Amino acid sequence: MIGTIVCVDDQAEVRRLLGDVFRARGSNVVSFDDGEDAIQWLGANDADLVILDLDLGPGRRTGIEICRAVRGRLPNLPIIILTGHGTIDDAVAAVKAGAVDFITKDPYLEDKLEISVEKVERILQHALDRKRLEEENRELRATNERLRKAAGRRWAIVGDSQQMRTVMTKIEKVAPVPRPVLVLGPRGTGKELVARAIHMLSTRASEPFITINCAAVPESLLESELFGHEEGAFTGATKQKEGKFELADGGTLFLDEIGNMSMDFQAKILRVLEYQRFERVAGSESIQVNVRVIAATNADLKIAMAEGKFRPDLYDRLAFEEIHLPPLAQRIEDVPILATYFLARFRQEVAGITVKEISAEAFDRLSQYNYPGNVRELKNVVERAVYMAQGEVLSGLDIDTALPPEANGTAPAAGMMFDDDSRLPLPERVDAFEEWLCRDALERTRYKQKEAAALLGITYDQFRQRYRKYALGKD
Ligand SMILES: Nc1ncnc2c1ncn2[C@@H]1O[C@H](COP(=O)(O)OP(=O)(O)OP(=O)(O)O)[C@@H](O)[C@H]1O
Ligand SMILES: [Mg+2]
């Protein structure tokens, strides 16, 4: 046991005895003959427990008075009173003054102390546990605060990992350079966010940022979308229309999902990139623009080029600078800061959210999943957990409920349910699956049956029935 015990007694032999006993048990003991000295010391030092004599000698403040004074300043510091006579009156007075317990000091103090050691240590342990918990809570709150602050910086691109720092440095460097940028990464990793950040940090920030999702528009329309058309260019083209390149003049055009364009179309894009010049569909006038292009794709362009599906010359042109966004699973250390950021944003966006903080356990659970949908999926998980949760602190269980079922590593092997058992009649297979779900819920809730029932979305009674049916109490 560690911790610091303050002993206040006017009898030197009592001080020595207490000091010997508790030092031998690993605590730090500081002794005072007078209560005033102890109060002064406590004002400047940290203690975990006070053992205080009731009668501190003639002409001095009594232990009760000292006890009251200490309580007034340090309400959480436990105080044990030592009494000479052990009368009920003394005990009542001690408790009224705020002592947590008292020990009778009689001629056999030494023997008594043996019995009381346990009591003292129990109280000390309690004080230490409480202090540790408070410390942990304080740390967690500080972490939450730090994460929230950090999340507000950097044009809302959030990330602590080395990979994201490299990305941010690249963004800052390339932003003012009027050349194309190619942003690569799997779905939901923040490619569009990066494109916007580059625009925001460029000298074009006050000019338009125009986006087009090249995969969402059929190629027959893509040309008119990008370059515009003249009146009567095709059926339905009743008016002249400006294309995205014109709209983005002076600013930035974000060509999203460029991986699937035909080779012919790629040649057209290449020409515009080179000469910043094009004609509207069915137009003859050559239009000159000044557009910064940022392109993104989740396709592997190296493979596409090897397969003859992407033009190497377009690639060379676009990839003046390449920014790679790694999957979230490769930068799991970004999960806490992202989760904190998404919680803060969600609270701004939606009224009546009770959750203010994320517990350490919830951070743990969030960090154990591998996020095939990357940051977008994490955002969804956090938001789902937050709006379903009841308290102010998001728990591990809240996260478990929000994660997709396959997030739990102990999911039954497909084989178990669909192959080996497939010769069994359906009701038995259903039972087997139900039993598995109940056991899983118990494990996830550390065998708290009420919570397991809640996790499964059934009543406690319904859960109890299954508990008996499958003998879940036994392994
Ligand atoms: N580093 C990040 N910091 C903050 N939010 C992020 C970050 N990365 C992604 N997001 C958020 O995740 C979501 C998906 O990001 P975004 O749309 O930019 O991804 P994407 O790579 O373009 O995805 P897709 O390939 O599916 O189009 C958005 O809500 C975005 O704000
Ligand atoms: Mg995108």
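Residues numbered from 1 in each chain as written. Chains lettered and ligands numbered in written order. Predicted model: local features only at pLDDT ≥ 70, side-chain atom pairs only at ≥ 80, totals over all residues. Heavy atoms only, no water.

## With respect to the site of ligand 1
- Around ligand 1 there are 19 residues in total, and V158, G188, G190, K191 and R376 lie nearest to it.
- A distance of 3.2 Å separates an oxygen atom of ligand 1 from a polar atom in the backbone of T189.
- One nitrogen or oxygen atom from the main chain of L193 is found 3.2 Å from an oxygen atom belonging to ligand 1.
- In the complex, 87% of the free accessible area of ligand 1, which totals 630 Å², lies under the protein chains.
- Mapped by element, the contributors of at least two residues to the shell around ligand 1 are α7 (191–201), α13 (335–349) and α15 (374–388).
- For the shell around ligand 1, a count of residues per class yields ten nonpolar, four polar and five charged.
- When residues are assigned to domains, the shell around ligand 1 turns out to be shared by domain 2 (162–326) and domain 3 (329–407), each giving three or more. (Near = heavy atom within 4 Å. Polar contact = N/O pair within 3.5 Å; in protein donor to acceptor, adjacent residues only side chain to side chain. Areas by Shrake-Rupley, 256 points an atom, 1.4 Å probe, with all protein chains shown as cover. Helix = DSSP H or I, 4+ residues; strand = E, 2+ residues; numbered from the N terminus. Nonpolar A, V, L, I, M, F, W, Y, C, P; charged D, E, K, R; others polar. Domains from an automatic or database assignment.)

## Overview of the domain arrangement of the protein
- Its domain assignment divides the protein into domain 1 (4–135), domain 2 (162–326), domain 3 (329–407) and domain 4 (414–469).
- Each of domain 1 and domain 3 has a C-alpha centre, and these two points are 46 Å apart.

## What about unusual backbone geometry?
- For Q276, which is not glycine, the phi dihedral falls at a positive 50°.
- Tracing the backbone shows Q276 in the loop between α10 (263–275) and β11 (277–279).
- The exposure class assigned to Q276 is buried, which follows from its relative accessible area of 19%.
- Its identity is not glycine, yet N374 carries a phi of approximately 55°, on the positive side.
- Assignment of secondary structure puts N374 in helix α15.
- Residue N374 is classed as buried on the basis of its relative accessible area of 3%. (Buried < 20%, exposed > 50% of the residue type's maximum accessible area, 1.4 Å probe, protein only.)

## So, the nonpolar core
- With 34 residues, the main nonpolar core has L226, L255 and I258 as its most contacted residues.
- Counting residues per element, the ones that place at least two in this core are β6 (181–184), β7 (209–213), α8 (219–227), β10 (252–256), α10, β13 (292–297), α11 (301–306) and α12 (312–318).
- Sequence-distant contacts of I258, defined by excluding residues within four places in its chain, comprise L182, C214, A295, A296, T297, L301, F310 and L318.
- Membership of the second largest hydrophobic core comes to 30 residues, among which are L338, L343, F346 and A407. (Core = buried A, V, L, I, M, F, W, Y, C linked by side-chain atoms within 4.5 Å. Contact = heavy atoms within 4.5 Å.)

## Quick notes on the environment of R130
- Mapped onto the elements of the fold, R130 is located in helix α5 (residues 109–152).
- Spatially, the C-alpha atom of R130 lies 9.3 Å from that of N76, the residues being 54 residues apart in sequence.
- Of the polar contacts made by the side chain of R130, one reaches the side chain of N76; its length is 2.8 Å.

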